Amino acid sequence: MDKDLVPPHTSSLGAGPWNEATLPDRDRLLQLILDLAVVHGKVTLSSGQEADWYIDMRRLTLHHEGAPLVGRVMRQLTGDLRYDVVGGLTLGADPVAAAMLHAAAAGEGFLDACVVRKAGKAHGLQRRIEGPDVAGRAVLVVEDVSTTGGSPLTAAGALQEAGAEVVAVAVVVDRGGRTAVEEAGFEYRAAFTLADLGLT
């Protein structure tokens with residue numbers, strides 16, 4: 001069966017802040033992650049290790065129903081935090097940040113998004129962080145899946161160098177990044193764990 005052909009489902013915005021209660025958005029997003037993003041079969045991870053499954057979150061964060069759900073659930077997850085910019089290391093964080101920007105615009109207030117490059121550009125304005133200026137602003141670092149914490153920590157370091165205040169790190173799925181992020185001194189939130197996905 002084609003993983004992109006998932007029947008639509010009526011969902012609701014729900015209210016933040018996150019309290020881990022059963023919310024229609026979170027329930028539906030979990031189902032879509034299982035239907036679209038979890039791929040079973042032998043794969044080689046970036047570490048060189050082999051695994052029996054892989055989480056390809058771009059199949060979810062760039063999906064017509066999945067993306068809006070990601071935005072709303074991540075806003076609910078972080079509804080008690082004060083931030084006005086959201087972003088992370090390209091590429092995994094980009095659709096998450098964009099989804100949250102649109103979720104905020106559809107609700108109340110505003111939220112800017114930014115893209116953190118893996119390295120600064122060698123031409124043009126030579127910016128490492130694309131989008132509105134982050135200096136002096138409160139930024140939430142996001143990621144789709146975090147295995148080691150490396151990507152959000154790289155993004156957090158670049159944002160701090162640019163003068164931003166990193167308020168927390170929030171991921172859609174935690175695959176093991178919590179320890180490294182918390183040891184670096186950042187609050188860490190995850191909408192889902194591997195246990196939620198039945199992958200432990």
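Note that the structure is predicted; figures quoted are calculated from it, not measured.

### Overview of the environment of Gly150
- By secondary structure assignment, the location of Gly150 is in helix α5 (residues 150-161).
- By relative accessible area, Gly150 is classed as partly exposed at 31%.
- When the C-alpha atoms of Gly150 and Gly177 are compared, they prove to be 7.7 Å apart, with 27 residues separating the residues in sequence.

### Focus: the pattern of salt bridges
- Under the criterion given, the structure shown has 13 salt bridges.
- Between Arg26 and Asp196 there is a salt bridge; the shortest N-O distance is 3.4 Å. Of the two residues, Arg26 sits in helix α1 (residues 24-37) while Asp196 sits in the segment after β8 (188-193), which places them 170 residues apart along the sequence.
- One salt-bridge network, in which partners are shared between bridges, spans Asp80, Glu187 and Arg189.

### Considering the confidence of the model for the protein
- Per-residue pLDDT for the protein has a mean of 88; in total, 85% of the residues score no lower than 70.
- Below a pLDDT of 50 lies the segment residues 6-18, which in the model reaches 32 contacts outside its immediate sequence neighbourhood of four places, other chains included.

### Quick look at the sheet that holds strand β7 (residues 165-174)
- Reading across from one edge, β5-β4-β3-β6-β7-β8 is the order of the six strands in this open sheet, with mixed pairing throughout. The strands lining the two open edges of the sheet, one partner per strand, are β5 (129-130) and β8.
- Where strand β3 (residues 85-89) meets strand β4 (residues 112-116), five bridges bridge the pair, whose relative direction is parallel. The residue bridging Val85 from the neighbouring strand is Asp112, located in β4.

### So, the packing of α1 against helix α3 (residues 66-77)
- Running from amino to carboxyl end, α1 crosses α3 at an angle of 130 degrees, the nearest separation of the two axes being 9 Å. Comparing the axis directions of α1 and α3 gives the class oblique. In this structure, the crossing between α1 and α3 has a hand that is left-handed. Facing α1, whose interface residues are Asp25, Arg26, Arg28, Leu29 and Leu32, α3 presents Gly66, Leu69, Val70, Arg72, Val73 and Gln76.
- The residue makeup of the contact of α1 with α3, split by class, is five nonpolar, two polar and four charged.

### Points about α5
- Along its 12 residues, α5 runs 17 Å from first to last C-alpha, staying within 8% of the 16 Å computed at 1.5 Å per residue.
- Burial in α5 covers these residues: Pro152, Ala155, Ala156, Ala158 and Leu159. Buried residues of α5 fall within an arc of 165 degrees about the axis and therefore sit on the same side.
- On its buried side, α5 packs onto β3, β4, β5, β6 (138-146), β7 and α6 (178-183).

### Some remarks on the pairing of β3
- The element β3 is largely enclosed, with a buried count of five among its five residues.
- Following the backbone out of β3, through helix α4 (residues 93-106) and into the adjacent parallel β4, one traces a crossover that is right-handed.
- Here three bridges tie β3 to β6, and the two strands are oriented parallel to one another. Paired with Val85 across the bridge in β6 is Val139.

Conventions adopted
- Residues numbered from 1 in each chain as written.
- Predicted model: local features only at pLDDT ≥ 70, side-chain atom pairs only at ≥ 80, totals over all residues.
- Heavy atoms only, no water.
- Helix = DSSP H or I, 4+ residues; strand = E, 2+ residues; numbered from the N terminus.
- Buried < 20%, exposed > 50% of the residue type's maximum accessible area, 1.4 Å probe, protein only.
- Salt bridge = Lys/Arg side-chain N within 4 Å of Asp/Glu carboxyl O.
- pLDDT = per-residue confidence, 0-100.
- Contact = heavy atoms within 4.5 Å.
- Pairing = 2+ DSSP bridges.
- Axes fitted to C-alpha atoms, helices over the stretch in contact; angles between N-to-C directions.
- Parallel < 35°, antiparallel > 145°, perpendicular 65-115°, else oblique.
- Left-handed = near helix turned anticlockwise from the far one by under 90°.
- Nonpolar A, V, L, I, M, F, W, Y, C, P; charged D, E, K, R; others polar.
- Expected span 1.5 Å × (residues − 1).
- Arc of directions from axis to C-beta.
- Right-handed = clockwise from strand over helix to strand, strands pointing away.

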